[in-house]
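# Structural characterization, general
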Amino acid sequence: CDLADPDWIDLVEEEIRELVSGSFLESATIVRTSAHTGEGLDALKEALEQAAQQAAQQRGVSRVDAPFRMAIDRTFTIAGHGTVVTGSVSSGTLHVGDQAVLEPGHVEVRVRGLQNHDRKTDTVHAGQRAAINLVGVHHNEVTRGQELAADGYLTPSQLMTVQLEVLPQAIRPLKHRSRVRMHLGTNETMATVSMLKGSDIGPGQSGPAQLFLAEPLVSSWNQAFVIRSESPVTTIGGGRVLVPAAEKLKNASEATIRCLEQLEQGNASQRAAAAIYFAGMSPWTMADLSRLAGIDDARSLCEQMINEGELVQLKINAQRHLIWHRETLEELYQRIEQ
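A brief report on the enclosed structure follows. Numbering of residues begins from 1 in every chain and follows the order in which that chain's sequence is written. Selection of residues for local features in this predicted model requires a pLDDT of at least 70, selection of side-chain atom pairs for listing and counting requires 80 or more, and totals for whole chains, interfaces and linings are taken over all residues. Side-chain metrics rest on all non-hydrogen atoms present in the structure, leaving aside hydrogens and water.

### As for the overall build of the protein
- Per the secondary structure count, the protein includes seven helices and 19 strands.
- Here the C-alpha coordinates of the protein stretch approximately 80 × 55 × 45 Å along the principal axes.
- The classification of residues rests on relative accessible area computed with a 1.4 Å probe and restricted to protein chains. Under 20% of the type maximum is buried, over 50% is exposed, and intermediate values are partly exposed. Evaluated residue by residue, the protein yields a buried proportion of 40% over its 338 residues.
- Two residues qualify as a contact provided that any one of their heavy atoms is within 4.5 Å of a heavy atom in the partner residue. Pairs at least 24 apart in sequence give 60% of the contacts found in the protein among residues at least 6 apart.
- All accessibility values rest on the Shrake-Rupley procedure with a 1.4 Å probe; residue burial counts only the protein chains present in the view. For the protein, the accessible area works out to roughly 19,000 Å², and carbon and sulfur atoms hold 48% of it.
- One finds the centroid of the 31 positive side-chain charges in the protein at a distance of 9 Å from the centroid of its 42 negative side-chain charges. Secondary structure elements are taken from DSSP: a helix is a run of H or I of four residues or more, a strand is a run of E of two residues or more, and numbering for both begins at the N terminus. Positive: Lys, Arg. Negative: Asp, Glu. His and the chain ends are not part of the count. To locate a charge, take atom NZ for lysine, CZ for arginine, CG for aspartate or CD for glutamate.

### Quick word on the nonpolar core
- Counting residues in hydrophobic clusters, the biggest one holds 31 residues, and the most contacted among them are Val243, Leu260, Leu263, Phe278, Trp284, Leu289 and Ile295.
- For this core, the element with the highest residue contribution is helix H4 (residues 268-279), accounting for eight residues.
- Residues contacting leucine 289, with those up to four places away along its chain left out, are Ala272, Ala275, Ile276, Trp284, Gly294, Ile295, Ala298 and Cys302.
- Among the nonpolar cores identified, the runner-up in size contains 21 residues, and Met160, Leu164, Met195 and Phe225 belong to it. For this analysis, a nonpolar core means a set of buried residues of the types Ala, Val, Leu, Ile, Met, Phe, Trp, Tyr and Cys, connected via side-chain atoms within 4.5 Å.

### Here's the deal with the layout of surface pockets
- Of the volumes computed, that of the second largest pocket is approximately 770 Å³.
- Along its surface, the second largest pocket is lined by 30 residues, and Glu247, Tyr277, Phe278, Ala279 and Gly280 are the ones closest to its centre.
- For the lining of the second largest pocket, the secondary-structure elements that each account for two or more residues are strand E17 (235-243), H4, helix H5 (288-293) and helix H7 (326-337). As defined here, a cavity is a set of points on a 1 Å grid over the protein atoms alone where a 1.4 Å probe fits but cannot get out. A pocket is an open set with protein on both sides within 12 Å along at least five of seven lines, and residues line them when an atom is within 4 Å of a point. Grid points are joined across faces, edges and corners, and a volume is the space filled by probe spheres set on the points.

### What about H4?
- To estimate how far a helix should reach, multiply one less than its number of residues by 1.5 Å. End to end, H4 covers 17 Å across twelve residues, agreeing with the expected 16 Å (1.5 Å per residue, within 8%).
- Taking burial as the measure, the twelve residues of H4 include ten buried ones, the bulk of the element.
- Listed in full, the buried residues belonging to H4 are Ser269, Arg271, Ala272, Ala273, Ala274, Ala275, Ile276, Tyr277, Phe278 and Ala279.
- Among the residues trailing H4, glycine 280 stands out with phi positive, at a value near 60°.

### Remarks on helix H1 (residues 6-20)
- Given a rise of 1.5 Å per residue, 15 residues ought to cover 21 Å, and the 21 Å separating the end C-alpha atoms of H1 matches this to within 8%.
- For H1, the N-terminal cap is aspartate 5; the gap from its side-chain oxygen to the backbone nitrogen of aspartate 7 is 2.9 Å.
- Positive backbone phi, at 85°, marks glycine 22, one or two positions downstream of H1. Under the rule applied, a polar contact is a pair of N or O atoms within 3.5 Å (in protein, one hydrogen donor and one hydrogen acceptor; residues adjacent in sequence only if both atoms are side-chain atoms).

### Some points on the pattern of salt bridges
- By salt bridge we mean one thing: a side-chain nitrogen of Lys or Arg within 4 Å of a carboxyl oxygen of Asp or Glu. Per the counting criterion, the structure on display carries ten salt bridges.
- A salt bridge links arginine 179 to glutamate 230, with the shortest nitrogen-to-oxygen separation between them at 3.4 Å. Residue arginine 179 is located in strand E12 (residues 179-184), and its partner glutamate 230 is located in the loop between strand E16 (224-229) and E17; the two are separated by 51 residues in the primary sequence.
- Here glutamate 230 falls in the partly exposed class, since its relative accessible area comes to 33%.
- Residue glutamate 327 is joined to arginine 258 by a salt bridge in which the shortest nitrogen-to-oxygen separation is 2.7 Å. One end of the pair, glutamate 327, is in helix H7; the other, arginine 258, is in helix H3 (residues 254-265), with 69 residues separating them in the sequence.

### As for the sheet that holds E17
- Two strands pair if DSSP finds at least two bridges between them. One closed barrel accounts for six strands, arranged E10-E15-E13-E12-E16-E17; its pairing is antiparallel. On average, each strand axis in the sheet is tilted by 45° relative to the strand beside it, whichever way the strands run.
- In the sheet, E16 pairs with E17 via five bridges, with the strands oriented antiparallel. Bridging from a neighbouring strand, phenylalanine 225 pairs with glycine 239 of E17.
- Across the face of the sheet, H3 comes into contact with strand E10 (157-166), strand E15 (206-217) and E17 while running at roughly 100° to E17. All axes are obtained by fitting lines to C-alpha atoms, using only the stretch in contact for helices, and the reported angles, taken between N-to-C directions, cover 0 to 180 degrees.

### Notes on the pairing of E16
- Side chains Phe225, Ile227 and Ser229 project from E16 onto a buried face, and the interleaved Ala224, Val226 and Arg228 project onto a face without burial.
- Where E12 and E16 come together, five bridges link them in antiparallel fashion. Of the residues in E16, the one forming a bridge with arginine 181 is arginine 228.
- From the end of E16 to the start of E17, which pair antiparallel, there are five residues.

### Looking at the packing of H4 against helix H6 (residues 298-308)
- At a minimum axis distance of 10 Å, the contact between H4 and H6 shows a crossing angle of 80°. By the criterion of interaxial angle, the relationship of H4 to H6 is roughly perpendicular. Contact with H4, carried on its side by Ala268, Ser269, Ala272, Ala273 and Ile276, involves Leu301, Cys302 and Met305 of H6 and no other residues of that element. Note on angle classes: values under 35 degrees are labelled roughly parallel, values over 145 roughly antiparallel, values of 65 to 115 roughly perpendicular, and the remainder oblique.

All quantities given are derived from atomic positions and should not be read as evidence of function.
Given below as structure tokens:
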């Protein structure tokens with residue numbers, strides 16, 4: 001800004017506001033800065049910090065405190081060192097000497113060395129680029145699209161329940177059983193769309209759906225993805241993952257639709273309850289709710305919902321008990337009666 005006239009800067013700011021009107025940047029802070037004079041740099045740092053805090057609150061869980069996860073965008077080998085993978089760390093922290101797994105495939109590896117922007121380091125964390133030297137796998141066994149993660153954190157699946165959104169400029173509705181290209185993390189795979197409400201999603205509209213994937217992928221609650229047409233390849237829209245490893249929903253009941261809405265828009269306790277509903281009678285742990293619902297304090301939330309009757313605790317014996325959603329128990333009662 002040291003090179004521009006103040007009146008000209010005012011005009012540029014007005015143009016920026018018009019350009020981003022109606023988008024997620026509509027109310028974003030504009031900071032006048034100069035790398036030459038240092039003007040505004042402190043204000044810029046403060047604005048970035050506030051934006052990061054806001055994003056963390058909206059996501060519902062601290063990305064640094066969550067289990068480690070990094071989508072791999074490149075793999076190669078260095079003489080004398082072996083396999084190296086690179087990517088952007090999306091959550092958690094990794095140290096030299098840590099054990100981790102490559103998913104899909106569940107290949108156990110150990111971290112031999114770490115670099116961040118060509119500098120050796122002992123630790124990498126969420127938000128950083130990382131080059132990771134791995135022991136226990138040949139680089140030919142690693143592919144772009146796999147993820148390096150804490151053991152037990154991610155579960156590969158060929159079926160996800162999602163909230164889909166079609167771009168306003170799309171030339172036609174997205175129909176039931178359409179084939180699309182799905183871009184998730186650093187992976188691209190084909191998928192078949194199964195609508196859960198209605199037979200299509202029109203331009204500018206959104207709705208719940210299931211994606212049947214051509215190959216297993218790993219994901220977590222609220223993870224963003226992009227969908228593109230099979231041919232010609234154009235961007236159709238995108239969405240967010242609601243149930244990372246889903247069961248096939250033949251007929252979406254009122255309870256199912258309500259729980260999907262809670263996963264999309266609900267507060268922490270509603271999301272936790274909805275995630276437990278979709279777990280059904282399958283075993284799950286408190287730690288799973290970080291991946292399934294973005295919850296970092298699951299135990300106290302579950303105790304609260306048990307007291308409120310939203311969840312039911314079933315005692316198996318003195319040491320073991322199960323926690324189910326009340327709707328799951330009600331559905332089981334109806335099946336027994338039938």
